[in-house]
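A structural walkthrough
Next come the chains, spelled out residue by residue.
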Amino acid sequence: MAIIRAEALSKTYRVADKQPGLAGTLRHFVQRRHRDVAAVKGVSFTIEAGEMVGFLGPNGAGKTTTLKMLSGLIHPSGGMAEVAGHLPQRRQADFLRQITLVMGQKQQLIWDLPPLDSLRVNAAVYGLDDATARRRIAELADMLELGEELTRPVRKLSLGQRMKAELLAALLHQPAVLFLDEPTLGLDINAQARVRAFLADYNRRHGATVLLTSHYLADITALCPRVLLIHEGGLFHDGSLRELSSRLAPCRLVRLELEEPRPAADFVRYGEVEACDGRDVRLLVERERLTEVVARLLATLEVRDLEVSDPPIEELIGRLFRQGAVT
Amino acid sequence: MAGLLRYWRTLKRFWGSALASQMEYQLNLLIEVLAMAGNLAGSLLLLWLIYGRGQQLGGWSLDAALVVLGIYTLLDGVSSTLLRPNLGAIVTQVQQGTLDFVLLKPIDSQFWLSTRTLSPWGLPEIVTGLALAIWAALRAGARPGAATILGGALMLLSSVVILYSLWFVLATTSIWFVKTWNVTEVLRAALSAGRYPISAYPAGLRTLFTVVLPVAFLTTVPAEAILGRASGMWLLLSVAVATASLLFSRWFWRLALRDYTSASS
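Reading the values: rules and limits
Position numbers for residues count from 1 along each chain, tracking the sequence in the order it is written. Numbering of ligands from 1 and lettering of chains from A proceed in the order in which they are written. Reporting in this predicted model follows two pLDDT cut-offs: at least 70 for local features of residues, and 80 or more for side-chain atom pairs to be given and counted; totals over whole chains, interfaces and linings ignore these cut-offs and use all residues. Secondary structure elements are taken from DSSP: a helix is a run of H or I of four residues or more, a strand is a run of E of two residues or more, and numbering for both begins at the N terminus. We call two residues in contact if the C-beta atoms placed from their backbones are at most 7 Å apart. Buried residues are those with 20 or more other C-beta atoms within 10 Å of their own C-beta, exposed residues have 12 or fewer, and partly exposed residues lie in between; C-beta atoms are placed from the backbone. In this description, a nonpolar core means buried residues of the types Ala, Val, Leu, Ile, Met, Phe, Trp, Tyr and Cys, linked to one another by C-beta atoms lying within 7 Å. Residues were grouped as follows: Ala, Val, Leu, Ile, Met, Phe, Trp, Tyr, Cys and Pro as nonpolar; Asp, Glu, Lys and Arg as charged; and all remaining residues, including Gly, as polar. Axis lines are fitted through C-alpha atoms, for helices just across the contact stretch, and the angle between N-to-C directions can take any value from 0 to 180 degrees. Comment on the angle field: the value is read as roughly parallel under 35 degrees, roughly antiparallel over 145, roughly perpendicular from 65 to 115, and oblique elsewhere. Here the arc refers to the set of directions running from the helix axis out to each C-beta atom. Strands pair, by our definition, only if DSSP identifies at least two bridges between them.

Once that is clear, we can look at the overall build of chain A. Of regular secondary structure, chain A possesses 11 helices and 13 strands. With respect to the three principal axes, the spread of C-alpha positions in chain A is 75 × 60 × 45 Å. Residue pairs in contact within chain A that sit at least 24 positions apart in sequence constitute 70% of those at least 6 positions apart.

Within chain B, the regular secondary structure consists of 11 helices and zero strands. Ordered by position in the sequence, the α and β elements of chain B form the string α-α-α-α-α-α-α-α-α-α-α. Dimensions along the principal axes, computed over C-alpha positions, put chain B at roughly 60 × 40 × 40 Å. Residues counted as buried form 38% of the 265 residues belonging to chain B.

Here we take up the nonpolar core. By size, the foremost hydrophobic cluster in this structure holds 132 residues, and its most contacted members are Leu168(A), Phe179(A), Val210(A), Leu211(A), Val67(B) and Trp167(B). Among the elements that line this core, the one with the most residues is helix H3 (residues 62–96) of chain B, at 17 residues. With 11 residues, the next largest nonpolar core counts Ala249(A), Leu256(A), Leu283(A) and Val285(A) among its residues.

This part is about the interface of chain B and chain A. Each partner contributes residues to the interface: chain B has 23 residues there, and chain A has 24 residues. Contributing elements (two or more residues each) for the side of chain B that touches chain A: helix H1 (2–22), helix H4 (99–103) and helix H11 (232–263) of chain B. Of the residues forming the side of chain B that touches chain A, the biggest block, eight residues, is contributed by H1(B). Grouping the amino acids of the side of chain B that touches chain A by side-chain chemistry returns seven nonpolar, 10 polar and six charged.

With that settled, consider the environment of Gln110(B). Residue and element names in this part refer to chain B. Tracing the sequence through the fold places Gln110 in helix H5 (residues 109–115). Taking the C-beta count within 10 Å as the criterion, Gln110 has 17 such neighbours and is therefore assigned partly exposed. Distance from Gln110 to Trp253, taken between C-alpha atoms, is 7.5 Å for residues 143 residues apart in sequence. Once residues lying within four places of it in the same chain are set aside, the contact partners of Gln110 are Arg250 and Trp253.

Residues and elements named next belong to chain A. One non-glycine residue, Arg91, adopts positive backbone phi at about 45°. One can find Arg91 in the loop between strand E4 (78–83) and helix H3 (93–96). Using a count of 20 C-beta atoms within 10 Å as the deciding quantity, one classes Arg91 as buried. Positive phi, close to 55°, is recorded for Glu182, a residue that is not glycine. Tracing the sequence through the fold places Glu182 in the loop between strand E6 (177–181) and helix H7 (189–206).

Residues and elements named next belong to chain B. The geometry of helix H7 (residues 146–172) relative to helix H10 (residues 215–226) is characterised by a closest axis approach of 8 Å and an angle of 175° between their N-to-C directions. Taken together, the axis directions place H7 and H10 in an arrangement best described as roughly antiparallel. Together, Thr148, Gly151, Gly152, Met155, Leu156, Ser158, Ser159, Ile162 and Leu163 of H7 and Phe217, Leu218, Thr219, Val221, Pro222, Ala225 and Ile226 of H10 make up the contact between the two elements. Per-class residue counts for the contact of H7 with H10 are 10 nonpolar, six polar and no charged.

Among all positions of helix H9 (residues 241–248) of chain A, only Leu241(A), Leu244(A) and Ser245(A) are buried. On an axial view of H9(A), the arc spanned by its buried residues comes to 95°, and they lie on one face.

Before going further, it helps to spend a moment on the environment of Asp63(B). Residue and element names in this part refer to chain B. Inspection of the secondary structure puts Asp63 in helix H3. The class for Asp63 is partly exposed, based on 17 C-beta atoms found within 10 Å. Taking the C-alpha atoms as reference, Asp63 lies 6.7 Å from Ala137; in sequence the two are 74 residues apart. Setting aside its immediate chain neighbours within four residues, Asp63 contacts Ala136, Arg139 and Ala140.

Note on sheets: strands pair through backbone hydrogen bonds, and any given pair is parallel or antiparallel. Residue and element names in this part refer to chain A. In space, the four strands of this open sheet follow the order E11-E12-E10-E13, with antiparallel pairing throughout. In the strand order of this sheet, the two ends are held by strand E11 (272–277) and strand E13 (303–309), each with one partner. Averaged over all pairs of adjacent strands, the angle between their axes in this sheet comes to 15°, without regard to strand direction. Sitting on the sheet, helix H10 (residues 290–300) touches strand E10 (251–258), strand E12 (280–286) and E13, and the angle it makes with E13 is about 170°.

Here we take up the pairing of strand E9 (residues 234–239) of chain A. Residues and elements named next belong to chain A. Sheet analysis places strand E8 (residues 226–231) next to E9, joined by five bridges and oriented antiparallel. Bridged to Leu228 within E9 is Asp238. Between the antiparallel neighbours E8 and E9 lie two residues, among them Glu232 with a positive phi of about 50°.

So, about the sheet that holds strand E7 (residues 209–213) of chain A. Residue and element names in this part refer to chain A. With respect to topology, six strands assemble into an open sheet ordered E5-E6-E7-E3-E8-E9, the strand pairing being mixed. The sheet is open, and its two edges are formed by strand E5 (99–103) and E9, each paired on a single side. On average, each strand axis in the sheet is inclined to that of its neighbour by 15°, with strand direction left out of account. In terms of strand pairing, strand E3 (residues 52–56) meets E8 through four bridges, oriented parallel. The partner of Phe55 across the bridge, within E8, is Leu228. The sheet contacts of helix H2 (residues 63–71) involve E3, E5, E6, E7 and E8, and relative to E6 the element is tilted by about 155°.

Set out below in structure tokens:
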């Protein structure tokens, strides 16, 4: 059963068109000009209960806007979203109890107080009795490896500890749907890995649906079998990372280590020569021709070592974002 | 019923955690008490100067005018305890985007924003103001009967509700004017007119303070009630104004939220 459904979801912002400087300000004051900016343009997808889906896209592609529409913080300008059987923008209590939103750059914990105080407030707001709240805090704290940090003022916690406490606060009511916007932002590698492991564990234990945006592709590769790539407000890809990489580059990377040096010209007929440094050769070969090419290489050359791999996905996506236009 | 219980439990947690965090700043108590003493001394000196020369403020005796000052002090205490810490924080919540967290909680957002925290340092001001008002009312010859006490309490409640609603509406505008809106100062300036009986002001201001800014309902009307000389019409009007402003504040908040949720990024 689909727990998240987006149909032709769109959001257009109206922004003030103001020239810089005093003259521009005055002109703007007298005659306001506005410009419509389409942040999300007709995005459609469905997500099944229990799925972990990565949400990729460059800055300003519309990821956060989409998450905010799905969590009910902003109204769509067009199309429709349905989450857990509700229209998000109505923000009905029954809907709010089933979702959570974690934003890596904003925090809900009270700065001057230990996380435990904020957790107790959340427990009361969600109507949890003391025993349930204690049990859930204990379970989540254990999964997140949080201990005495919960009784230390938030301002004295490290960024990683604070993020873990934020996750605890966001999950206390056991939501079925998690919207995570850059939950590992600014964390060091170790802390990122722990947050990642926690999310995977949480998803396994509670069957929660997770929609996750991240700048760190490692988060996505580790957690999300399925990826939505949003580009210039539209959905560019919906499928596995592997499919995405073959779409972005329908080639595989063949690395050769030869017994004898060979000129680059010898390899042009097999594919795109990325590098040819005497004995070491890197070739981009079309997927359909891969077995044939490898067989011919092995038959005609003295090969010491041969390795076939996917081109690194970071590079492919980075290239896509830099190019801007997509075919 | 279960819903009300949840709000009550939430409120206890709100204030419990607020007190816990405030206790780290004990020095605030001293500062607040000193500020109150300074303010009160200034107002008393002024009244003493006026009445010492045999003049009167708008037909009010010194003791009656002191009741008004007492109620003003009490309201200022309520502002320091509840209104300023909560409503003043709305602007910050809008600026930092943490309002989003409030909107995603299954609880009334106006309730959350209005009661989330508490600063106990305004309590001495509330007690002092109340004591001054009662003491001055007795000296002015008020006879404390059930009707007077009930009427006075009702009027005080109304004036707190009016002040809250006014403040909340002004704070709500920060949703549109995120940056440069220092609502608190505007309101404090207007409220300080409530130190003295409304009839002490020229006719133009009197109308302004009754019709546009309900300053009259904040201090003068409750003082009349405590002194036992308010007409039933004024009591009724005061309750009506309080109810209307509370309802207006709720409507206005929803209006602002509609804009926030359709425009924010």
